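Coordinate inspection notes
Each chain, letter by letter, is given below.
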Amino acid sequence: NAGVTQTPKFRILKIGQSMTLQCAQDMNHNYMYWYRQDPGMGLKLIYYSVGAGITDKGEVPNGYNVSRSTTEDFPLRLELAAPSQTSVYFCASSYGIKNIQYFGAGTRLSVL
Amino acid sequence: DAKTTQPNSMESNEEEPVHLPCNHSTISGTDYIHWYRQLPSQGPEYVIHGLTSNVNNRMASLAIAEDRKSSTLILHRATLRDAAVYYCILRDRGSQGNLIFGKGTKLSVKP
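**Details of the interface of chain B and chain A**
Contacts between the two partners involve 19 residues from chain B, matched on the other side by 20 residues from chain A. In this assembly, chain B packs against chain A so that about 1500 Å² is buried in total across both faces, 55% of it on carbon and sulfur atoms. Put simply, chain B and chain A have three residue pairs in polar contact (both at pLDDT 80 or more) between them. Broken down by secondary-structure element, the contributors of at least two residues to the side of chain B that touches chain A are strand E3 (31-38) and strand E8 (84-92) of chain B. Partitioned by chemical class, the residues of the side of chain B that touches chain A number six nonpolar, ten polar and three charged.

**Details of the packing of aromatic side chains**
Under the criterion given, the structure shown has ten aromatic pairs over all chains. Centre to centre, the rings of B:Tyr87 and B:Phe101 are 5.0 Å apart; their planes meet at 90°, and the pair counts as edge-to-face. With B:Tyr87 in strand E8 and B:Phe101 in the loop between E8 and strand E9 (105-110), this pair connects stretches of sequence that are 14 residues apart. Of the residues examined, B:Phe101 reaches a relative accessible area of 9% and is grouped as buried. One aromatic cluster in this structure is built from A:Tyr31, A:Tyr33, A:Tyr35, A:Phe103, B:Tyr36, B:Tyr46, B:Tyr87 and B:Phe101.

**Section: the state of the cysteines**
Counted by the stated rule, this structure contains two disulfides over all chains. A sulfur-sulfur distance of 1.8 Å marks the disulfide that ties A:Cys23 to A:Cys91. What sets the handedness of the A:Cys23 and A:Cys91 disulfide is the S-S torsion sign, and at about -75° it is left-handed. One end of the pair, A:Cys23, is in strand E3 (residues 19-25); the other, A:Cys91, is in strand E9 (residues 87-94), with 68 residues separating them in the sequence. Each member of the pair, A:Cys23 together with A:Cys91, is buried. Each disulfide pairs two cysteine sulfurs, and for B:Cys22 the partner residue is B:Cys88, the sulfurs being separated by 2.1 Å. On the S-S bond that ties B:Cys22 to B:Cys88, the torsion sits near -85°, and the link is left-handed. With B:Cys22 in strand E2 (residues 18-23) and B:Cys88 in strand E8, this residue pair connects regions lying 66 residues apart in the sequence. Note on accessibility: B:Cys22 and B:Cys88 belong to one class, buried.

**Remarks on the pairing of strand E4 (residues 45-50) of chain B**
All names here are of chain B. When E3 meets E4, the two strands line up antiparallel, connected through five bridges. Note on E4: the bridge partner recorded for His34 is His49. Here E3 folds back onto E4 in antiparallel fashion, the turn holding six residues, of which Ser41 has a positive phi close to 60°.

**With respect to the pattern of salt bridges**
Residues and elements named next belong to chain B. Overall, the coordinates contain six salt bridges over all chains when judged by the stated rule. The partner of Glu15 in a salt bridge is Arg77, with the nearest N and O atoms 3.3 Å apart. Highlighted residues: Glu15 in the loop between strand E1 (9-13) and E2 and Arg77 in the loop between strand E7 (70-75) and E8, separated in sequence by 62 residues. In terms of burial, Glu15 and Arg77 fall into one category: exposed. In this structure, Asp82 engages Arg37 in a salt bridge whose closest nitrogen and oxygen atoms are separated by 2.8 Å. Of this pair, Asp82 sits in the loop between E7 and E8 while Arg37 sits in strand E3; the two residues are 45 residues apart in sequence, bridging distant segments of the chain. Here Asp82 matches Arg37 in class, with each residue buried. Connected through shared salt-bridge partners, Arg37, Glu45 and Asp82 make up one network.

**Considering the environment of B:Thr52**
Residue and element names in this part refer to chain B. Position of Thr52 among the secondary structure elements: in the loop between E4 and strand E5 (55-56). A residue is classified by how much of its surface remains accessible, and Thr52, at 48% relative accessible area, is partly exposed. Counting along the chain gives 19 residues from Thr52 to Ser71, while the straight-line C-alpha distance between them is 9.9 Å. With near-sequence residues (within four places) excluded, Thr52 lies in contact with Ile64 and Arg68.

Parameters at a glance
Residues numbered from 1 in each chain as written. Chains lettered and ligands numbered in written order. Predicted model: local features only at pLDDT ≥ 70, side-chain atom pairs only at ≥ 80, totals over all residues. Heavy atoms only, no water. Contact = heavy atoms within 4.5 Å. Buried area = accessible area lost by both parts, 1.4 Å probe. Polar contact = N/O pair within 3.5 Å; in protein donor to acceptor, adjacent residues only side chain to side chain. Helix = DSSP H or I, 4+ residues; strand = E, 2+ residues; numbered from the N terminus. Nonpolar A, V, L, I, M, F, W, Y, C, P; charged D, E, K, R; others polar. Phe/Tyr/Trp six-rings, centres within 6.5 Å; stacked < 30°, edge-to-face > 60°. Buried < 20%, exposed > 50% of the residue type's maximum accessible area, 1.4 Å probe, protein only. Disulfide = S-S within 2.5 Å. Pairing = 2+ DSSP bridges. Salt bridge = Lys/Arg side-chain N within 4 Å of Asp/Glu carboxyl O.

The values reported here are purely geometric and, on their own, carry no functional implication.
Structure representation (structure tokens):
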């Protein structure tokens, strides 16, 4: 039972570099989400998607982009990495707007 | 979404019951009460949710006050694996689906 899979688990970026955080789910969920969690804080929503081809901004979208070309995948793109983007990133999915969200194990990103 | 208030931290002994409180005095009639927990170095996981009546599942019980202004997550026999941050989240029936996380309660379990 894979659930929600995130890669990579860890990454160190230099300021100005770009990268894509990968997220895949095998539960046929229509909703997918990206959150970030800063040390000692709760999670904050970056972007979410209600289905393939449909995405929308969350609370903290600046500096990030997303796409959803398939039901299974929801990659998060950082174009010009900044130290403020040092955080742990979690991807989640759910079947339906009100249902339980299932989270991946996270990607720990440091921007130096 | 309405705000919740939880203690920053709590301690428990292994194999004893744990009662994790949550205050939500501004809850609306359409808000569900959700609990998630986050084990160290892992993503959050769903624990339980309810609207008005008390709820039980294999992980925990949720006791909801009659006026719905507070609730308590009950772990019947704490294990070392239950050491985690527990988040109490209000989720409107008509919300877009994202969860609004506060800082939660960090539960420590002593052997």
